[in-house]
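As a plain string of letters, each chain reads:
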Amino acid sequence: MVDPKRQAPGPRTRGPFGSLLPYRRDPAEFLLTMQRDHGEVVRMKFGPYLVHLVTDPDAVRRVLIENQGNYCRGRFYEQFKLVMGEGLLTTDGERWRAHRRAVQPAFARDAIRGIGPNVVGATHEMLSRWDDAAQRSEPVDLVTEALRVTLVTLSTSLFDYDIRPSVPMLKQVVEDSIETMFPHGYVREMLPRWLPTSRNRLVAANRRRLDQVVDDVRAAQPRRAGSLVDLTESARDPDGRPWTDQEIRDELLTIYLAGHETTATALCWTLHSIAQHRWVAEKLEAEVDQVLAGRDPTVADLDRLPYTQMVVQEALRLFPPIWLYPRDATGDDVLAGYHIPAGSSLLLSPFVSHRNPRIWENPEAFDPSRFDAAAERERPRMSYFPFGGGPRQCIGNTMALLELRMIVAMVVSRYRFELVPGSFVRYGDSLISMRPTPDMLLRLRPRARSVLTGAAS
Ligand code: HEM
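Counting of residues starts from 1 at the beginning of each chain's written sequence and follows it residue by residue. The model is predicted, so local features are restricted to residues of pLDDT at least 70 and side-chain atom pairs to those at 80 or more, both for listing and for counting; the totals for chains, interfaces and linings are taken over all residues. Heavy atoms from the whole structure form the basis of all side-chain values; hydrogens and water molecules are not counted.

Side note on the overall build of the protein
The following threshold applies: Runs of H or I in DSSP of at least four residues are treated as helices and runs of E of at least two as strands, each being numbered from the N terminus. Taken over C-alpha atoms, the radius of gyration is set against a globule rule of 2.2 Å times the number of residues to the power 0.38. Here's how the labels work: a residue is buried when its accessible area is under 20% of the maximum for its type, exposed when over 50%, partly exposed in between, all with a 1.4 Å probe on protein chains only.
When you go through the protein residue by residue, the secondary structure sums to 17 helices and twelve strands. Compactness check: the protein gives a C-alpha radius of gyration of 22 Å against a globular reference of 23 Å for 457 residues, within 12% of the reference. Along the three orthogonal principal directions, the C-alpha set of the protein runs to about 70 × 50 × 40 Å. Buried residues in the protein amount to 56% of all 457 residues.

See below:
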């Protein structure tokens, strides 16, 4: 009989901060060490808060699916509200359910299949800039390019809106906002929002700029039945009340922010991984050349690009853009035999789970064959969850995977690429997404094309 109050193992800490200081120094490395030293449910103190890191696949499944009603976004998600307000990502309960139901049709598989031409169009624009850079023998700044291509695709596909003029401004605002959303454990983050501190002023100014962009998007909308804006404007809450302007704004902003930065980060790490592994690049080139023979991909082609998909999946394993997300327990629970008291917090981390040596052999190695069908069947559910799981699973996962595969196929079809020699790229320090740091510079070499066959070499 398992003692339902059994405490999970964890680091011994003294003093008021508990594990907060080593966590703050390098969150990802710290949590990896916790898994290595203490196992798949680890008990820690973060200042006054009791926090468990949960990476055991069955326990993750219980939190996200089987007993998901016992978990809410919780205290660590509060910071997100400073930037995104009360949208799908930050809310819970009935309100979240009604909002998710209202916007879901815009993300249905069939609706998303229609975005293929937008992905191709935005990627062509990117590649023509890359052609110019290659001709001048200059490298391209991958982070900037990836943010642009994903933002333009998202905005055209979901909002029929030309976001290009706002791209440079949004890059800066989004960077500052990410910094704000992530709690670093500093006193200034705990001061009331009405105090005119420089941080609070920056948060407010950024939020005003983001609101302005969203208002412009709404104002410019051609009224199209079934579009995202139309769905939010005609939505009703369970009591029959239409959404307020603020609710619509928060929802649209959430989709803009949650949708493009994540996909851009995934694109950077996928291309980075291809650049670092010549044998992967060669296998990809063979697949893409055989299926596309130099033409642009369509959505229908994606099923015939299985290796491209495996490469994207493996990049999302090693570098999941949303690498860490929290929950609070509303009632007591037992995870992997350990007591989780009501009111305590959990950290779920695809980054740490995806490096669990019990599940993944040689976890640090980049190996797309982990995602062939047979290998996938062997693994426990929720040992891989870059898009979360259960009812709160990412609403944009189909869109992101479609976009990533198409862009990768187009880039590989046209270029060999490598990191500028001497670059040492790692995931960011003030992490909320796995944005690489410093910027990734890629050197491009156009692949030669046979005029007769259209095939590239
Ligand atoms: C590679 C790209 C992406 C990754 C890795 C990713 C990852 C995630 C994860 C892990 C969650 C769950 C967070 C949690 O449960 O606490 C999530 C939720 C969400 N994502 Fe994504 N996402 C990506 C792309 C997108 C796109 C393209 C969109 C929209 C266009 C989007 C919109 C959202 C929204 C609105 C939620 C909240 C869903 C809800 O709770 O109902 N994401 N995403």
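Having seen the structure, we can now continue with the description.
Brief notes about helix 5 (residues 93-103)
Heads up, the rule is: Contacts are residue-level and defined by heavy atoms, with any inter-residue pair within 4.5 Å sufficient.
Three or more residues of helix 5 are buried, namely Trp96, Ala98, His99, Arg100, Ala102 and Val103. Buried residues belonging to helix 5 abut helix 11 (228-233) and helix 12 (245-276).

Remarks on the site of the ligand
Definition in use: When at least one non-hydrogen atom of a residue lies within 4 Å of a molecule or strand, that residue is treated as near it. Pairs of N or O atoms within 3.5 Å make up the polar contacts considered here, provided that, within protein, one atom can donate a hydrogen while the other can accept it, and that residues adjacent in sequence are counted only when both atoms are side-chain atoms. Lys, Arg, Asp and Glu make up the charged group, whereas Ala, Val, Leu, Ile, Met, Phe, Trp, Tyr, Cys and Pro make up the nonpolar group; the residues left over, Gly among them, are polar.
Looking at the ligand, there are 27 residues lining it, with Tyr77, Trp96, Arg100, Arg327 and Cys394 nearest. Within the backbone of Leu88, a nitrogen or oxygen atom sits 3.4 Å from an oxygen atom of the ligand. Arg392 has a polar side-chain atom sitting 2.8 Å from an oxygen atom of the ligand. Elements supplying a minimum of two residues to the shell around the ligand: helix 5, helix 8 (142-159), helix 12 and strand 5 (325-329). With six residues, helix 12 is the largest single contributor of residues to the shell around the ligand. Here the residues of the shell around the ligand sort into 18 nonpolar, five polar and four charged.

Some remarks on the sheet that holds strand 5
Filter applied, for reference: A pair of strands is labelled paired if DSSP reports no fewer than 2 bridges between them. As a rule, the C-alpha atoms of each element are fitted with a line to give its axis, helices using only the stretch in contact, and angles between N-to-C directions run from 0 to 180 degrees.
The strand order across the open sheet formed by five strands is 1-2-8-5-3, and the pairing between neighbours is mixed. Each edge of the open sheet is held by one strand with a lone partner, namely strand 1 (41-46) and strand 3 (71-72). Sheet analysis places strand 1 next to strand 2 (residues 49-54), joined by six bridges and oriented antiparallel. Along strand 2, the bridge assignment pairs Met44 with Val51. Sitting on the sheet, helix 2 (residues 27-38) touches strand 1, strand 2 and strand 8 (345-348), and the angle it makes with strand 1 is about 130 degrees. Against the sheet, helix 3 (residues 57-66) makes contact with strand 2, strand 3, strand 5 and strand 8, and its axis sits at roughly 115 degrees relative to strand 8, the strand it touches most.

Section: the coordination of the iron atom of the ligand
Using the following cut-off: Any N, O or S atom lying within 2.8 Å of the metal counts as a donor, with the limit raised to 3.2 Å for Na, K and Ca; because water is left out of the atom set, some sites can appear incomplete.
Of all protein atoms, just one serves as a donor to the iron atom of the ligand, and that atom is Cys394 (SG), at 2.3 Å. Its place among the elements puts Cys394 in the loop between helix 16 (373-378) and helix 17 (397-414).

Let's talk about the nonpolar core
The condition is simple: Definition used in this section: a nonpolar core is a set of buried Ala, Val, Leu, Ile, Met, Phe, Trp, Tyr and Cys residues joined via side-chain atoms within 4.5 Å.
Formed by 122 residues in total, the largest nonpolar core has its most connected members in Leu31, Trp130, Phe159 and Phe417. Of all the elements, helix 12 adds the most residues to this core, at 14 residues. When residues no more than four places from it in sequence are discounted, the contact partners of Leu31 are Tyr23, Met44, Leu53, Trp323, Leu324, Leu347 and Val352. By size, the runner-up hydrophobic cluster in this structure holds 16 residues, among which are Ala59, Tyr325, Leu348 and Met382.

Observations concerning the packing of aromatic side chains
Our working definition: Stacked, edge-to-face and tilted labels apply to pairs of Phe, Tyr and Trp rings (six-membered ring for Trp) whose centres lie within 6.5 Å, assigned for plane angles under 30 degrees, over 60, and everything in between, in that order. Only Lys NZ and Arg CZ are tested; either one counts as a charge over a ring when it is within 6 Å of the ring centre and within 35 degrees of the ring normal.
Throughout the structure, instances matching the rule amount to twelve aromatic pairs. The interplanar angle of 45 degrees and the centroid separation of 4.8 Å between the aromatic rings of Tyr23 and Phe46 together place this pair among those described as tilted. Within this pair, whereas Tyr23 is found in helix 1 (residues 20-25), its partner Phe46 is found in strand 1, the two being separated by 23 residues in sequence. Taken together, Tyr23, Phe30 and Phe46 form an aromatic cluster joined through their ring pairs. Lying across the ring of Trp360, Arg317 places its NZ or CZ 5.2 Å from the centre. Against the face of Phe371 rests Arg379, its NZ or CZ located 5.0 Å from the ring centre.

Some details on the side chain of Arg392
By the secondary structure assignment, Arg392 is in the loop between helix 16 and helix 17. Within polar-contact distance, the side chain of Arg392 engages the backbone oxygen of Leu88 at 2.7 Å.

Focus on the UniProt feature "binding site: heme" (unreviewed entry) in the protein
Keep this limit in mind: UniProt positions are given in the numbering used here, feature names are shortened, and annotations may be inferred rather than shown by experiment.
Feature annotation in UniProt places "binding site: heme" (unreviewed entry) on Cys394, given in this structure's numbering. Taking the relative accessible area as the measure of exposure, Cys394 reaches 31% and is therefore partly exposed.

Here we look at helix 3
Where we set the bar: Arc, as used here, means the arc of the directions from the helix axis to the C-beta atoms.
Residues of helix 3 that are buried: Pro57, Ala59, Val60, Val63 and Leu64. Angular distribution of buried residues about the axis of helix 3 spans 165 degrees; they occupy a single face of the element. Buried residues belonging to helix 3 abut strand 2, strand 3, strand 5, strand 6 (333-335) and strand 8. Capping of helix 3 at its N-terminal end is provided by Asp56; its side-chain oxygen lies 3.1 Å from the backbone amide nitrogen of Asp58.

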